[in-house]
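Notes for the structure review
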Number of protein chains: 2
Amino acid sequence: MEEKYNIVVGQSGGPTTVINASLYGVIQEAISARDKIDKIYGMINGIEGFINGNFMDIEKEMTKEEIELLKSTPSSYLGSCRYKLPDSMEDSMYRQIFEKFSKMNIRYFIYIGGNDSMDTVSKLSIYANRTNSPVKIIGVPKTIDNDLVLTDHSPGFGSAAKYVATTVRDIVMDASVYDMQSVTIVELMGRHAGWITASSILARKYEGDNPYLIYLPEVAFDVEAFINKISELLETKTNIVVCVSEGIKDKDGTFICEYSGCAGVDTFGHKMLTGCGKYLENVIKEHLSVKVRSIELNVNQRCKAALASKTDVDEAVMAGKYGVKSLLAGETGCMVSFERIPGENYSVGCRLVDCGQVCNQEKVVPREWISDNGTDVLKEFVEYAKPLIAGENEQIIIDGLPVYVYRKG
Amino acid sequence: MEEKYNIVVGQSGGPTTVINASLYGVIQEAISARDKIDKIYGMINGIEGFINGNFMDIEKEMTKEEIELLKSTPSSYLGSCRYKLPDSMEDSMYRQIFEKFSKMNIRYFIYIGGNDSMDTVSKLSIYANRTNSPVKIIGVPKTIDNDLVLTDHSPGFGSAAKYVATTVRDIVMDASVYDMQSVTIVELMGRHAGWITASSILARKYEGDNPYLIYLPEVAFDVEAFINKISELLETKTNIVVCVSEGIKDKDGTFICEYSGCAGVDTFGHKMLTGCGKYLENVIKEHLSVKVRSIELNVNQRCKAALASKTDVDEAVMAGKYGVKSLLAGETGCMVSFERIPGENYSVGCRLVDCGQVCNQEKVVPREWISDNGTDVLKEFVEYAKPLIAGENEQIIIDGLPVYVYRKG
């Protein structure tokens, strides 16, 4: 009989709507590989928690029903961390981690996360290689920002995009009821990459519908040009909805949200840092006599389980499963990646890419998918994003509210 | 053969998730009373638009499918206004309106709206009475704030409450992933009445769960006591979520959100008016060394159709239908009101109340439904609100996005 080993899974970085779906995929695939895998451990609060001795035996501590609920529970069930492993492989931290692996009979480590988590996967696999450790390590991508390279897209983005498209459509409906000119500025997540903000184009019910303007961080933002654009639109339109990424910058690279900190201080003398949406609201108020408001969509973009994309959830599960399969096939130091399969209907397949090439890189929206004047997104983006938001994920609802699985803190 | 008359319906005040469901009820009931009602007119942008000659022939301009979509479309399909009729009945405005009614063979007017709209219903019915006009006028309630008197609750509130409960539950999940102390302040709608904010109690997954603190405008807010409370909680809790109403005031009646305007000015010298959530975020930052952020839920509270309460939608339809029935029965000057029918299972019936007693009144959360120290809501509120958020409303979804009906602007 082949010897059995244990697997450990961790979640890291900011939570998303579907990071638990990947955890579900990992657990299911590990269970179905019972001949090779014995225990399924979960790191509590990622690698940082694991170092401090925090972990759980998943099958012992979770019921089957609870495991099923992971598919519709937002946030990170296992808890998360933002922890960067030391750059020097001589650091005793590495020895400690691998001693723990050894002591717990762990041969497989799967880490679900974004850029920084892939850095962890990369470093640990390099260390394992150098020390001839048999432990294999694979990363499963997760980010609402969709900024991971070497993959068509990342689990988490589809649901964020669906939330944004639906919500901007709702806001446009809400903003259009009065027969009185108004400007609504919606600030969306994405500090460096505009994928989430670009998704607001999907909110349009017909060509030429709101949001009339979409600004991504990929193109330098000019406040004067913005005022002129709004002023021009007000000549023919009643209600204008504008979507801006929180990360829009001017041509010198200064974030527009930093403009607002120049003179604003509160009663404590603190700088009142507000987002670029609030700043642009004030700019329009100052220059044009029109009703204006700004809305920040905030953390809902990464945790609104009711609007999760079924496609995204299914793919997150698939990525988790593929990660376990890859570990069992002896792969290490890689991230699971999605490849779009050419053809009329959308479908993706999984493959592995080198984690070392993924970490510390950033994928932005291609310039050619953005209009020349930088105020709109083009049909190439729509074709890319549309299939990612398809399908409604099932939720268990009791008394009108979603049932989630959680560790009681 | 009995003579047929026309009916006109209008929507007024802020939009809600279910105000179009009431419009649907009005249209359906009017159609089924074909022997008495000929045309169904819609006022475009409420009474103000109607005065300016803006209206539509609903059955001529909408398909059956479009009428069905009203049940799942947020915002005001007919457009809205914020318009107060003159106090003096001698004003020529009244004569003009009734001349229009007469010219268009309108005998029935149904107005869907909140406090101010009931003022319109009241005034027009008094004028009709004084001038012996045969036109009957009925109001159908609508407000997310739930502040209308003489009714158990108002259509629009249940969906707002469901959105808030679900979203705060999501935010709590999102706020609990790191093993690091944090405070999250969620600012909710409700300037004078705390019904929406109180609904955040439904977000708790178990007794003693977040949100740990809930502050309504019904109880004077004390900033120092707030700091002490947070400080005390931080001794035993890791992640604290606090829900505050935008309208919380100190004991002198000053809005907490006004505190922030004292010194904050932006680059234009404008006061940077932010909500009380942002202000309290800064207060906590100043006094306690803990990670803190604030989130404003904003207009989503009144337009998130994906989270509409089925109970709320059904009741909104019922109120619209009851309004038409009442008009045909010869009633006027009244608002449709909900009465909870005693019994084990929740159910409501409709009755009529005098509009004159509804307008310019405000129903707040009873003091005895709030804890003595004003930091929590009690089980009486839970029992009241729980049935109102029950059931998921059906939506038509195409390509992952909700289909709405709208007038192209």
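Everything below is about the structure shown above.
Definitions and cut-offs
- Residues numbered from 1 in each chain as written.
- Chains lettered and ligands numbered in written order.
- Predicted model: local features only at pLDDT ≥ 70, side-chain atom pairs only at ≥ 80, totals over all residues.
- Heavy atoms only, no water.
- Helix = DSSP H or I, 4+ residues; strand = E, 2+ residues; numbered from the N terminus.
- Buried < 20%, exposed > 50% of the residue type's maximum accessible area, 1.4 Å probe, protein only.
- Contact = heavy atoms within 4.5 Å.
- Areas by Shrake-Rupley, 256 points an atom, 1.4 Å probe, with all protein chains shown as cover.
- Lys, Arg positive; Asp, Glu negative; His and termini not counted.
- Charge placed at Lys NZ, Arg CZ, Asp CG, Glu CD.
- Pairing = 2+ DSSP bridges.
- Expected span 1.5 Å × (residues − 1).
- Phe/Tyr/Trp six-rings, centres within 6.5 Å; stacked < 30°, edge-to-face > 60°.
- Lys NZ or Arg CZ within 6 Å of the ring centre and 35° of its normal.
- Least-squares fit on C-alpha atoms with pLDDT ≥ 70 in both.
- Buried area = accessible area lost by both parts, 1.4 Å probe.
- Salt bridge = Lys/Arg side-chain N within 4 Å of Asp/Glu carboxyl O.
- Polar contact = N/O pair within 3.5 Å; in protein donor to acceptor, adjacent residues only side chain to side chain.
- Nonpolar A, V, L, I, M, F, W, Y, C, P; charged D, E, K, R; others polar.
- Axes fitted to C-alpha atoms, helices over the stretch in contact; angles between N-to-C directions.
- Right-handed = clockwise from strand over helix to strand, strands pointing away.
- Parallel < 35°, antiparallel > 145°, perpendicular 65-115°, else oblique.

1. A few points about the overall build of chain A
Helices and strands together make up the secondary structure of chain A, namely 15 helices and 13 strands. Projecting the C-alpha coordinates of chain A onto the three principal axes gives extents of approximately 80 × 45 × 45 Å. By residue count, 62% of the 409 residues in chain A fall in the buried class. For chain A, the proportion of contacts with a sequence separation of at least 24, taken over those separated by at least 6, is 76%. Carbon together with sulfur atoms contributes 46% to the accessible area of chain A, which is approximately 15600 Å² in total. Side-chain charges of chain A comprise 44 positive and 56 negative groups, with the mean position of each set lying 4 Å from the other.

2. Focus: the pairing of strand S4 (residues 106–113) of chain A
All names here are of chain A. Of all the 8 residues making up S4, 7 are buried; the element is thus mostly covered by neighbouring parts of the structure. Relative to S4, strand S1 (residues 5–11) runs parallel, the two sharing 6 bridges. When the bridges of S4 are listed, Val9 appears paired with Ile110.

3. Regarding helix H1 (residues 19–32) of chain A
All names here are of chain A. For H1, with 14 residues, the first-to-last C-alpha span of 20 Å sits near the 20 Å given by 1.5 Å per residue. In terms of burial, H1 is a largely internal element, 11 of the 14 residues being buried. Within the span of H1, buried status applies to Ile19, Asn20, Ala21, Ser22, Leu23, Tyr24, Gly25, Val26, Ile27, Glu29 and Ala30.

4. Things to note about the packing of aromatic side chains
Going through the model one piece at a time under the given rule, you end up with 38 aromatic pairs over all chains. Pairing Phe101 of chain B with Phe109 of chain B gives two aromatic rings, centres 5.8 Å apart and planes at 50 degrees, and the pair type is tilted. For Phe101 of chain B, a relative accessible area of 0% puts it in the buried group. For Phe109 of chain B, a relative accessible area of 0% gives the class buried. Taken together, the ring pairs in this structure connect Phe50, Tyr94, Phe98, Phe101, Phe109, Tyr111 and Tyr127 of chain A into an aromatic cluster. Residue placement shows Arg191 of chain B over the ring face of Phe255 of chain B; its charged tip is 4.1 Å from the ring centre. The cationic tip of Lys205 of chain B hangs over the ring face of Tyr406 of chain A; the distance from NZ or CZ to the ring centre is 4.9 Å.

5. Observations concerning the relation of the copies chain B and chain A
With an RMSD of 0.0 Å, chain B superimposes on chain A once it is rotated by 180 degrees and translated 0.0 Å along the axis. On the angle and the small slide along the axis, the relation comes out as a two-fold axis. Looking at chain B, 100% of its interface residues are interface residues in chain A too, so the copies touch through the same face.

6. Points about the interface of chain B and chain A
Between chain B and chain A, the residue contacts involve 75 residues of the former and 75 residues of the latter. Of the roughly 6000 Å² buried where chain B meets chain A, counting both sides, 61% is carbon and sulfur surface. Taken together, the links from chain B to chain A amount to 6 salt bridges. Across the salt bridge formed by Lys304 of chain B and Asp170 of chain A, the nearest N and O atoms sit 2.7 Å from each other. One can count 26 residue pairs in polar contact (both at pLDDT 80 or more) joining chain B with chain A. For the side of chain B that touches chain A, the elements supplying multiple residues, two or more each, are helix H7 (157–175), helix H11 (276–287), strand S9 (291–296), helix H12 (300–303) and strand S13 (401–402) of chain B. It is H7 of chain B that provides the largest number of residues to the side of chain B that touches chain A, a total of 10 residues. Of the residues that constitute the side of chain B that touches chain A, the class distribution is 35 nonpolar, 22 polar and 18 charged.

7. What to know about the sheet that holds strand S11 (residues 348–354) of chain A
Residues and elements named next belong to chain A. Reading across from one edge, S3-S2-S1-S4-S5-S10-S11 is the order of the 7 strands in this open sheet, with mixed pairing throughout. Each having just a single partner strand, strand S3 (55–57) and S11 make up the two edges of the open sheet. Strand after strand, the sheet turns through a mean of 30 degrees between neighbouring axes, direction not considered. Looking at chain direction, strand S2 (residues 37–43) and S3 are connected through 3 bridges and run antiparallel. Across the sheet, the residue bridging to Gly42 is Met56, located in S3. Against the sheet, H1 makes contact with S1, S2, S4 and strand S5 (136–141), and its axis sits at roughly 175 degrees relative to S1, the strand it touches most.

8. A word on the pairing of S5 of chain A
Residues and elements named next belong to chain A. A large share of S5 lies buried, amounting to 5 of its 6 residues. As defined by bridge partners, S4 adjoins S5 across 6 bridges and the pair is classed as parallel. Looking at S5, one finds that Tyr111 is bridged to Gly139. Once the chain exits S4 it traverses helix H6 (residues 115–130) before rejoining the sheet at S5, and the crossover so formed is right-handed. Relative to strand S10 (residues 334–340), S5 runs parallel, the two being bridged by 2 bridges. Of the residues in S10, the one forming a bridge with Ile138 is Cys334.

9. Quick notes on the packing of helix H5 (residues 92–103) of chain B against helix H6 (residues 115–130) of chain B
Residues and elements named next belong to chain B. Where H5 meets H6, the axes come as close as 11 Å, and the angle between the chain directions of the two elements is 80 degrees. Relative to H6, the element H5 lies roughly perpendicular. Within the contact between the two elements, H5 uses Tyr94, Arg95, Ile97 and Phe98 and H6 uses Lys123, Leu124, Tyr127 and Ala128. Considering only residue class, the contact of H5 with H6 consists of 6 nonpolar, no polar and 2 charged.

10. Considering the side chain of Thr184 of chain A
Residue and element names in this part refer to chain A. Positionally, Thr184 belongs in strand S6 (residues 182–188). According to the relative accessible area criterion, Thr184 is buried, its value standing at 1%. Apart from residues no more than four positions distant in its own chain, Thr184 is found in contact with Ile171, Ala175, Ile240, Val241, Val242, Arg293 and Ile295.

11. Notes on unusual backbone geometry
Omega for the peptide link from Asn210 of chain A to Pro211 of chain A comes to -5 degrees, which places this bond in the cis form. Phi angles above zero are rare outside glycine, and Asn45 of chain A is one such case at about 60 degrees. If you trace the backbone, Asn45 of chain A turns up in the loop between S2 and helix H2 (46–51). Taking relative accessible area as the criterion, Asn45 of chain A reaches 11% and is therefore assigned buried. Even without being glycine, Ser75 of chain B reaches a positive phi, approximately 75 degrees.

12. Digging into the sheet that holds strand S7 (residues 213–215) of chain B
All names here are of chain B. Judged by pairing direction, the sheet is parallel, and its 4 strands sit side by side in the order S7-S8-S6-S9 without closing on themselves. The open sheet is flanked by S7 and S9, the only strands paired with a single partner. If you compare each strand with its neighbour and ignore which way they point, the axes differ by 15 degrees on average. In this sheet, strand S8 (residues 239–245) lies alongside strand S6 (residues 182–188) in parallel orientation, the contact comprising 7 bridges. Each residue of the ladder has a partner; that of Val183, found in S8, is Ile240. Strand contacts of H7: S6, S8 and S9, with the helix running at about 165 degrees to S6, the strand carrying the most contacts. Sheet strands in contact with helix H9 (residues 223–233) are S6, S7 and S8, and its direction is about 165 degrees off that of S7.

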